[in-house]
Amino acid sequence: MANYDYDVLYIGSGHGTFDGAIPLAARGKKVGVIESGLIGGTCPNRGCNAKITLDAPVALTRLTEKMQGIVNGSLVINWTANEKHKQEVIEGLPDMIGCLMKSVNIDIINGHGTFQDAHTVMVDGKAKTAENIVISTGQHPHRLDIPGTKLAHDSTDFMNLTHLPANITIIGAGYISLEFATIANAAGAKVTVITHGDKVLRKFYQPYVKQIVADLKSRGVDFVNNTEITDFEQDGHSFIVNYKGGQVKTNWILDATGREPNVDDIGLDKVGVSYSQKGIQVNDHLQTNVDNIYASGDVIDKEQPKLTPTAIFESTYLMHTFAGDTTAPIDYPTIPSVVFTSPRIAKVGVSVEDAKEQGFTTKENHLPNDWYRQVTKEKIVDNTLVYDKQNHLVGATEISDQAEDAINALLPAITFKLDPAQRERLVTLFPTIAADAWESI
């Protein structure tokens, strides 16, 4: 066996790396991690953690709004204080994650990594070698290829705004667009959302999505659908978004048109790793076409949702592979997803649309009159459950203020296909959203 610097070398330090690299190193493997930016990658530093912190006051204002008469007075979000609090929450995460890695003797190599050959990565002119290499470089925001595109901003810019512009225009129809429209609107900005098609959040159950859009419209958010952005231009201290059929004058532009895998400038062509603009191609062992090179996280071209929990699962799977625990292919469980609007939409397992095609049974629950939902006077609350022909719960989707927790509560039934008798043996704490979710089965 060649004398390599590392047993496993990771390019990137996000969840696709550290959740598996730390226990792998703790078991005695020599591990190195290359990172050109902040330790921890997107999620801790400019994604999940920052977003949910900015959203917390939004959820509070929504609750206060519903409970008027029981509590009196309205709340106003102090954006500058909210952004400062967000920074306080996340600023220690890179050091914390780095310390966890160093505590098990992982070498953190600061710099940009580029493949020299299948076992060698160059970092600022220095060669680092490994028996196995994992590409975990994640994604970056897509930018529209139009005149004036540099006048727009991305999601990181939005979460770092110390002062909220009075008027914000958001381009896009996905998670980032709808979540940030919700946050900005709740904090007092005038928001316009412009989309290429006639639907937003296309991968979610559209009857529920329409309720989200209707609620945002009632709060003053404008939607311009079925159009194409032609260019951005500056007009003094303001900006103009030109689109086919009209224009919008605004103080700030957010390009939320998606994310792209970080496959450029890391030497993939030099070593012959197959990839496309959808990401790196891997087999059912997360192995690229170059035997000792693997990939993990959002950089992979895959059907599974490109979410933090997916990256954690993949990183953990690779840990077991490299530690010799398994030679089996990766076996993905059902992976839930959620949009952090107010209310939320969350889902897991077989969709309502697929259920109808497969002849499965669906059960729709309209829940505003449910006693537990009346506690906080929820008005927008529905779920749809999917059962297979053996009466296993195999899918669920919900719109509510606590949809993410309700779907989490149902995960064991769906993941392990519990039958009715087994479901009866799961006794939840009461009264809780988990108990309420189980009662709806």
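Note that the structure is a prediction, hence the values are computed from the model and not measured. (Residues numbered from 1 in each chain as written. Predicted model: local features only at pLDDT ≥ 70, side-chain atom pairs only at ≥ 80, totals over all residues. Heavy atoms only, no water.)

Student: How do you make sense of the overall build of the protein when you look at a structure like this?
Tutor: Secondary structure assignment for the protein yields 15 helices and 23 strands. Computed over the C-alpha atoms, the radius of gyration of the protein is 23 Å, within 12% of the 22 Å expected from 2.2 N^0.38 for a compact globule of 441 residues. Oriented by its inertia axes, the alpha-carbon framework of the protein measures out at about 70 × 70 × 40 Å. In the protein, buried positions account for 51% of the 441 residues. Contacts in the protein between residues at least 24 apart in sequence constitute 64% of all its contacts with a sequence separation of at least 6. When the 39 positive and 54 negative side-chain charges of the protein are each reduced to one mean point, those points stand 3 Å apart. (Helix = DSSP H or I, 4+ residues; strand = E, 2+ residues; numbered from the N terminus. Rg over C-alpha atoms; globule rule 2.2 N^0.38 Å. Buried < 20%, exposed > 50% of the residue type's maximum accessible area, 1.4 Å probe, protein only. Contact = heavy atoms within 4.5 Å. Lys, Arg positive; Asp, Glu negative; His and termini not counted. Charge placed at Lys NZ, Arg CZ, Asp CG, Glu CD.)

Student: Just checking my understanding: could you explain the packing of helix α1 (residues 15–26) against helix α10 (residues 308–322) for this structure?
Tutor: If you want to describe how two helices pack, look at the angle between their axes and the distance between the axes. It is the contact of α1 with α10, at a shortest axis distance of 7 Å, that shows an interaxial angle of 35 degrees. Of the two possible hands of crossing, α1 and α10 adopt the one that is right-handed. Contacts between α1 and α10 involve His-15, Gly-16, Thr-17, Phe-18, Asp-19, Gly-20, Ala-21, Pro-23 and Leu-24 from the former and Thr-308, Ala-311, Ile-312, Ser-315, Thr-316, Met-319 and Phe-322 from the latter. Here the contact of α1 with α10 is composed, by residue class, of eight nonpolar, seven polar and one charged. (Axes fitted to C-alpha atoms, helices over the stretch in contact; angles between N-to-C directions. Left-handed = near helix turned anticlockwise from the far one by under 90°. Nonpolar A, V, L, I, M, F, W, Y, C, P; charged D, E, K, R; others polar.)

Student: What is the right way to read the side chain of Ser-440 from this model?
Tutor: Within the secondary structure, Ser-440 sits in the segment after α15 (433–439). Once residues lying within four places of it in the same chain are set aside, the contact partners of Ser-440 are Lys-363, Asn-365, Asn-383, Leu-385 and Tyr-387.

Student: Please explain empty space enclosed by the protein as it appears in this structure.
Tutor: In this approach the atoms are scanned with a rolling probe the size of a water molecule, which exposes any empty space left behind. Taken as a whole and assessed by the stated rule, the structure comprises one cavity of 30 Å³ or more. What the largest cavity holds in volume is close to 30 Å³. In terms of lining residues, the largest cavity is bounded by Trp-371, Tyr-372, Phe-430, Pro-431, Thr-432, Ala-435, Asp-436 and Glu-439. Of all the secondary structure elements, the ones that give two or more residues to the lining of the largest cavity are α12 (371–374) and α15. Counted by class, the lining of the largest cavity contains five nonpolar, one polar and two charged residues. (1 Å grid on protein atoms, 1.4 Å probe; cavity = no way out; pocket = protein on both sides within 12 Å on 5 of 7 lines; lining within 4 Å. Points joined across faces, edges and corners; volume = space filled by probe spheres on them.)

Student: What should I look at first to understand the nonpolar core in this one?
Tutor: Side chains that are nonpolar tend, in soluble globular proteins, to be buried together. Ranked by internal contacts, the top residues of the largest apolar core, which has 46 residues, are Tyr-10, Ile-106, Phe-115 and Ile-135. When residues no more than four places from it in sequence are discounted, the contact partners of Tyr-10 are Thr-17, Gly-20, Ala-21, Leu-24, Val-31, Gly-32, Val-33, Ile-34, Val-134 and Phe-322. In terms of nonpolar packing, the next biggest core, distinct from the first, is built from 41 residues, Ile-77, Phe-204, Leu-216 and Phe-223 among them. (Core = buried A, V, L, I, M, F, W, Y, C linked by side-chain atoms within 4.5 Å.)

Student: Whenever I open this one, the domain arrangement of the protein confuses me. Can you help?
Tutor: Many structure descriptions define interface size as the accessible area lost when the parts assemble. For the protein, the domain assignment lists domain 1 (6–141 + 260–323), domain 2 (149–257) and domain 3 (343–440). Computed over C-alpha atoms only, the centres of domain 1 and domain 3 are separated by 30 Å. Counting from both sides, the interface comprises seven residues of domain 1 and, opposite them, six residues of domain 3. In total, about 500 Å² of surface goes out of reach between domain 1 and domain 3, with carbon and sulfur atoms giving 52% of it. When the buried surface of domain 1 facing domain 3 is broken down by residue, Asp-55, Lys-66 and Met-67 rank first, second and third, together holding 69% of it. Joining domain 1 to domain 3, the criterion identifies two salt bridges. (Domains from an automatic or database assignment. Buried area = accessible area lost by both parts, 1.4 Å probe. Salt bridge = Lys/Arg side-chain N within 4 Å of Asp/Glu carboxyl O.)

Student: How do you make sense of the layout of surface pockets when you look at a structure like this?
Tutor: Roughly 210 Å³ of internal volume is contained in the second largest pocket. As for the second largest pocket, its lining consists of 14 residues, of which Ala-59, Leu-63, Lys-66, Asp-401 and Gln-402 are closest to the centre. Those elements that place two or more of their residues in the lining of the second largest pocket are α3 (48–66) and α13 (403–415). Of all the elements, α3 adds the most residues to the lining of the second largest pocket, at five residues.

Student: Which parts of the structure should I look at to understand the sheet that holds strand β9 (residues 190–194)?
Tutor: To summarise the sheet geometry, strands pair through backbone hydrogen bonds and adopt either a parallel or an antiparallel arrangement. The four strands lie next to each other as β10-β9-β8-β14, forming an open sheet whose pairing is parallel. Lying at the two open borders of the sheet, with one neighbouring strand each, are β10 (222–224) and β14 (252–255). Taking the axes of each pair of neighbouring strands and ignoring which way they run, one obtains an average angle of 20 degrees across the sheet. Examined bridge by bridge, strand β8 (residues 167–171) and β9 share five bridges and lie parallel to one another. Its bridge partner lying in β9, Asn-167 is registered against Lys-190. On top of the sheet, helix α7 (residues 175–186) reaches β8, β9, β10 and β14; it is set at about 165 degrees to β9, its chief contact. (Pairing = 2+ DSSP bridges.)

Student: Please clarify how the pairing of strand β11 (residues 229–235) should be interpreted in this entry.
Tutor: Regular strands place their side chains on alternate faces of the sheet. Of the pairings in the sheet, the one linking β11 to strand β12 (residues 238–243) comprises six bridges and is antiparallel in character. Considered in β12, the bridge of Phe-232 is made with Val-241. The hairpin turn running from β11 into β12, its antiparallel successor, is two residues long, and Gly-236 in that turn takes a positive phi close to 65 degrees.

Student: Sorry if this is basic, but what is going on with the UniProt feature "domain: FAD/NAD(P)-binding" (unreviewed entry) in the protein here?
Tutor: In the numbering used here, UniProt assigns the feature "domain: FAD/NAD(P)-binding" (unreviewed entry) to residues 6–313. Annotation note: span residues 6–313, helix share 32%, strand share 27%, distance between end C-alpha atoms 23 Å. (UniProt positions renumbered as here; feature names shortened; annotations may be inferred.)

Student: Quick question: what am I supposed to make of α3 here?
Tutor: Residues separated by three or four positions in an α-helix point in the same direction, a consequence of the helix having 3.6 residues per turn. For α3, spanning 19 residues, the distance from its first C-alpha to its last is 26 Å, which sits close to the expected 27 Å at 1.5 Å a residue. The largest bend in α3 comes to about 30 degrees, at Asp-55, with the proline Pro-57 one to four residues further on. What α3 keeps buried is the set Ala-50, Lys-51, Thr-53, Leu-54, Asp-55, Val-58, Thr-61, Arg-62, Thr-64 and Lys-66. Looking at the packing, one finds that the buried side of α3 touches α4 (79–90), α6 (155–159), α7 and β20 (344–349). (Expected span 1.5 Å × (residues − 1). Bend = angle between axes of the 7 residues up to and from the residue.)

Student: Is there a simple way to think about the sheet that holds strand β23 (residues 393–400) in this case?
Tutor: The sheet built from five strands is open, its strands ordered β19-β20-β23-β22-β21 with antiparallel pairing. If you trace the sheet from one side to the other, it starts and ends with β19 (337–339) and β21 (361–366), each paired once. The mean angle between the axes of side-by-side strands here comes to 10 degrees, regardless of whether they run parallel or antiparallel. Its contacts with the sheet place helix α8 (residues 206–218) against β20, β22 (382–387) and β23, and it is angled at close to 10 degrees to β23. Here α13 sits on the sheet and contacts β19, β20, β22 and β23; the angle it forms with β23, its principal contact strand, is near 175 degrees.

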